[in-house]
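So the chains spell out like this:
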Amino acid sequence: QSQSLVNNGNMSSSFSVSGEWLPTSLQISGSVSSSERFSLLLLEFGEIYFEDFSAIYYPNAATEEESIERKQRGRLKICSQSILFDPLDSPAPVLKIAYRDCKKVHLWKKESSKIGDNSFTVVASQVTEMLEGGVISPYKFIKEERRLLFSLNYGSIERVLKQISTFNNAKLLPRADRNSLINSIVQARRSEVSFNTSWLEDLYEECVLETVGEKVTPLVSNPGRIMLTSSRLYYQPFNNVEVDPVVKLRLSDLRHVVKRRYMLRHVGIELFCKGGPNMFVVLSSSQERNELYEKILRQPNVQLHHFELEDMTFKWQTRELSNYDYLMYLNFVSDRSFNDIMQYPVMPWIVADYTSQTLDLQDPSTFRDLSKPVGALNEERLAFFQERCEQMSGKRFLYGTHYSAPGYVLYYLARQAPVYLLCLQNGKFDQPNRLFHCIANTWKNVKTDHADVKELIPEFYQPPGDFLLNVMGLDFGVRTDGVRVSDVVVPPWANDANDFTKKCLEALECDYVSERLNQWIDLIFGYKQQGREALKANNLFHYLTYEGSVNLDYVHDPEALAAIELQIKEFGQTPRQLFNSPHPVRLVRTVTKTTGGSTQGLATTVDNSSSNSSKDQDLLDWVYVSPQESQGSPQESQDGPQHGSAAAGLEEKEHLSEEAPKRKHFEGAQQGIRLKLEDTIRIHRE
């Protein structure tokens, strides 16, 4: 089958919170034309793309005439760690030569040759071939000495050779010196580039601030100039890799401007526009980030919509907001972003039964215990983690892996975003036996494997579940049991991927989960996320996954800095902590009988009985009910708060908040519910 390199459509869907729209899946930004396959995803992490040149590549051949006959026209890309050649209008693969594999780079000259003097030769011990014919597949690493001949159509061959030789020689330097050299080249080039004011939409725009930053997309950051004017925000990249030479955001379209952290540093801003697009930018320091943020907010055209955490929590409690929407909101305010795959939104495993023919949402055994992290669901495995933790010296942790990391996100999204997976895994898909193949097997692994404690991603609760389908016809190989890896195998209780995601969403929104979801929130976003409470809840991860654990600005050893950045990049980051005390429980539906006009508890009247008796009526509304009071409750956490009646729920709210305004807000809202109940019951009796 023909396999498209990039999904030209936007893969995102949206959810509504108080009429606002936010992205809810991986943002594949920027389409690539069929004539050019190069993207920053083909580079190493942190590698810088400088510029490109129109060039011709002459493949090795027995004779010069044959080599000329097979020549390929394309673009030669000069980067900080490699050279790439992207053939245009040709099925030939993209060629990548890493400087570490370069043996020699020199000017090519040959008398009486039909190949021009504006040429050079690269001798390499290995060449990587990528995206041949535009087909997404594992890269080919040709480990043999090859001589590659390139000829420039335009430009100075001396200038190009000087650039390549500088980067090639830098590989021999210690890491600190090499980084310093590359950084000096970067700074020199940036100082030569100013914002092109011809891109301004309005001649009367006033420049408010011009600075340098990076535009962040999954696995990639691209430096450029950022200009804030009185009516727009502009981003102009230093290179030509972006689809648009300048990205323009109209300030009047902005709906949310959110401070973000990036690589555990508070240097990012994410901007959301009405109807899209959104943009994540990173600046060099928190001071520069704050200056840009504050100046954006001061512009008269900026009219932002605010979601207060307290208000959103109350909307969720009173069921104005679904479980899914509330979890997405918590991800949004805790620095999780679809633009930063290192901080991709995290969602819980809900269902624990992937073998039955039907999904019984009335059976408690159907569900995962939300009071425990994934790593603590298996007592035997937990005992291993605890024993290992006790034997550690220095900073201890239970789990060496995290519940959310780039590798886990792309494990789930291998069929939807294979180019990202190849980028993360150095041009390779994983072994077929380790790929995401079967829901039941994945659930089994996260309960038993000592290196697997991952949670889910939002796509599991977004019908139609296309991320489970191999619509590109990718060749993932054959498992040892002889089964070819293609579409993900769904449980027996689901007819297909669409039915699976619909039922997962139904399970997430059911009353049983609603009564207990606050316990999972405590673990991921709340007071059990870190510290003593995390240890008591068996929820302690490696210290470098937590915000504030290290200040990268004060790590001056390049080797140590590289190791820390690798840990942060690949092994997961814990969300920003939102709650320092137990999260309030959700108001749940309960049916209460009345006899002789007396009510038992708070309820709103709904007649669901077939009896005509006026003495026995079904009363239904939102009241605080603890999981222990509900039928079929599993064993609950011994550390969590206990909730009883509506009054007890109100007391819990008072206990959780030390601020008088918050207490008054919840008390007023609760009183409003009481009055509504009393009026409804009175009307029903009359």
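Analysis parameters
- Residues numbered from 1 in each chain as written.
- Predicted model: local features only at pLDDT ≥ 70, side-chain atom pairs only at ≥ 80, totals over all residues.
- Heavy atoms only, no water.
- Helix = DSSP H or I, 4+ residues; strand = E, 2+ residues; numbered from the N terminus.
- Buried < 20%, exposed > 50% of the residue type's maximum accessible area, 1.4 Å probe, protein only.
- Contact = heavy atoms within 4.5 Å.
- Areas by Shrake-Rupley, 256 points an atom, 1.4 Å probe, with all protein chains shown as cover.
- Expected span 1.5 Å × (residues − 1).
- Polar contact = N/O pair within 3.5 Å; in protein donor to acceptor, adjacent residues only side chain to side chain.
- Pairing = 2+ DSSP bridges.
- Axes fitted to C-alpha atoms, helices over the stretch in contact; angles between N-to-C directions.
- Core = buried A, V, L, I, M, F, W, Y, C linked by side-chain atoms within 4.5 Å.
- pLDDT = per-residue confidence, 0-100.
- Phe/Tyr/Trp six-rings, centres within 6.5 Å; stacked < 30°, edge-to-face > 60°.
- Lys NZ or Arg CZ within 6 Å of the ring centre and 35° of its normal.
- Salt bridge = Lys/Arg side-chain N within 4 Å of Asp/Glu carboxyl O.
- Parallel < 35°, antiparallel > 145°, perpendicular 65-115°, else oblique.
- Nonpolar A, V, L, I, M, F, W, Y, C, P; charged D, E, K, R; others polar.

1. Regarding the overall build of the protein
Within the protein, the regular secondary structure consists of 17 helices and 21 strands. Going through the 686 residues of the protein one by one, you find that 53% of them count as buried. Within the protein, residue pairs in contact and separated by at least 24 positions form 64% of the contacts whose partners lie at least 6 positions apart. Here the protein has roughly 31000 Å² of accessible surface; of this, 47% comes from carbon and sulfur atoms.

2. Here we look at helix 4 (residues 286-298)
Taking 1.5 Å as the rise per residue, helix 4 with 13 residues should run 18 Å; its terminal C-alpha atoms sit 18 Å apart, in good agreement. All of the buried residues along helix 4 are R289, L292, Y293, K295 and I296. Tucked inside the fold, the buried residues of helix 4 contact strand 12 (207-217), strand 13 (220-229), strand 14 (232-237), strand 16 (254-262) and strand 17 (265-273).

3. Topic: the side chain of E455
As for its placement among the helices and strands, E455 is situated in the loop between helix 10 (439-448) and helix 11 (497-509). Looking at E455, its side chain comes within polar contact range of the side chain of W520, at 3.0 Å.

4. Overview of helix 13 (residues 517-524)
With respect to burial, helix 13 is a largely interior element, eight of its eight residues being buried. Here the buried face of helix 13 lies against helix 5 (309-317), helix 6 (323-333) and helix 12 (511-514).

5. Quick look at the sheet that holds strand 14
Strand order in the open sheet formed by seven strands is 15-14-13-12-18-17-16, with antiparallel pairing between adjacent strands. Each having just a single partner strand, strand 15 (247-250) and strand 16 make up the two edges of the open sheet. Strand-to-strand, the axes of this sheet are offset by a mean angle of 30 degrees, without reference to chain direction. The pairing of strand 17 with strand 18 (residues 278-282) spans five bridges and is classified as antiparallel.

6. Thoughts on unusual backbone geometry
P463 connects to P464 through a cis peptide bond whose omega is 15 degrees. Relative to the helices and strands, P464 is located in the loop between helix 10 and helix 11. Look at D335: it is not a glycine, yet its phi comes out positive at around 75 degrees. With respect to the helices and strands, D335 occurs in the loop between helix 6 and helix 7 (379-390). Residues other than glycine seldom take positive phi values, yet N538 does so here, at roughly 55 degrees. Within the element layout of this structure, N538 appears in the loop between helix 14 (531-536) and helix 15 (558-571). Exposure remark for N538: the relative accessible area of 18% places this residue in the buried category.

7. Structural notes on the nonpolar core
Counting 104 residues, the largest nonpolar core has L330, I350, F436, F460, Y461, F500 and F525 as the members making the most contacts within it. Of all the elements, helix 6 adds the most residues to this core, at eight residues. Here F525 is in contact with L330, N331, S334, V346, W520, P575, R576, Q577, L578 and F579, once residues within four sequence places are set aside. With 28 residues, the next largest nonpolar core counts F53, Y57, V127 and F150 among its residues.

8. Description of the confidence of the model for the protein
The predicted model of the protein averages 83 in pLDDT, with 80% of residues at 70 or higher. The low-confidence segment residues 29-34 (pLDDT under 50) makes twelve contacts with residues lying over four places distant or belonging to another chain.

9. A short note on the side chain of K454
With respect to the helices and strands, K454 occurs in the loop between helix 10 and helix 11. Of the polar contacts made by the side chain of K454, one reaches the side chain of D452; its length is 2.8 Å.

10. Notes on the packing of aromatic side chains
By the definition in use, this model includes 33 aromatic pairs. Relative to Y512, the ring of F367 has its centre 4.6 Å away and its plane inclined at 15 degrees; by these criteria the two rings are stacked. With F367 in the loop between helix 6 and helix 7 and Y512 in helix 12, this pair connects stretches of sequence that are 145 residues apart. Taking the relative accessible area as the measure of exposure, F367 reaches 8% and is therefore buried. Judged by relative accessible area, which is 12%, Y512 ranks as buried. When the ring centre of F332 is taken as origin, the NZ or CZ atom of R260, which lies over that ring, is 5.1 Å away.

11. Considerations on the pattern of salt bridges
For the structure on display, the rule yields 37 salt bridges. Residue R159 pairs with E51 through a salt bridge whose shortest N-O separation is 3.1 Å. Taken together, the residues span a long stretch of sequence, with R159 in helix 2 (residues 157-170) and E51 in strand 3 (residues 49-58) at a distance of 108 residues. Classification of R159 as partly exposed rests on a relative accessible area of 41%. What makes E51 buried here is its relative accessible area of 17%. The salt bridge partner of E210 is R225, with a shortest N-O separation of 3.7 Å. With E210 in strand 12 and R225 in strand 13, this pair connects stretches of sequence that are 15 residues apart. Classification of E210 by relative accessible area gives partly exposed; the value is 34%.

12. Re the sheet that holds strand 5 (residues 82-87)
Each strand in a sheet pairs with another by means of backbone hydrogen bonds, the pair being arranged parallel or else antiparallel. Spatial strand order, 7-8-11-3-4-5-6-9-10: nine strands in an open sheet with antiparallel pairing. Edge positions in the sheet fall to strand 7 (102-107) and strand 10 (140-142), since each has one partner strand and no second. Recorded for the sheet is a direction-independent mean angle of 30 degrees between the axes of neighbouring strands. Inspection of the sheet shows strand 8 (residues 119-124) paired to strand 11 (residues 146-152) by six bridges, in the antiparallel sense.

13. Concerning the packing of helix 6 against helix 13
Packing of helix 6 against helix 13 leaves a shortest axis separation of 12 Å and a crossing angle of 10 degrees. Classified by the angle between their axes, helix 6 and helix 13 sit roughly parallel to one another. For the pair helix 6 and helix 13, the contacting residues are N323, Y326, L327 and L330 in the first and L517, W520 and I521 in the second. When its residues are assigned to classes, the contact of helix 6 with helix 13 shows six nonpolar, one polar and no charged.

14. Some thoughts on the environment of A494
Mapped onto the elements of the fold, A494 is located in the loop between helix 10 and helix 11. Distance from A494 to S356, taken between C-alpha atoms, is 9.8 Å for residues 138 residues apart in sequence. Beyond its immediate stretch of four places on either side in the chain, A494 contacts D499, F500 and K503.

15. Describing the packing of helix 3 (residues 175-192) against helix 15
Packing of helix 3 against helix 15 leaves a shortest axis separation of 8 Å and a crossing angle of 80 degrees. The pairing of helix 3 with helix 15 is recorded here as roughly perpendicular in orientation. Contacts between helix 3 and helix 15 involve R175, A176 and N179 on the former and, on the latter, P558, E559 and A562. Considering only residue class, the contact of helix 3 with helix 15 consists of three nonpolar, one polar and two charged.

16. Re the environment of C510
Mapped onto the fold, C510 is located in the loop between helix 11 and helix 12. With 149 residues separating them along the chain, C510 and L361 place their C-alpha atoms 7.5 Å apart. Not counting chain neighbours up to four residues away, the residues in contact with C510 comprise N323, L361 and F367.

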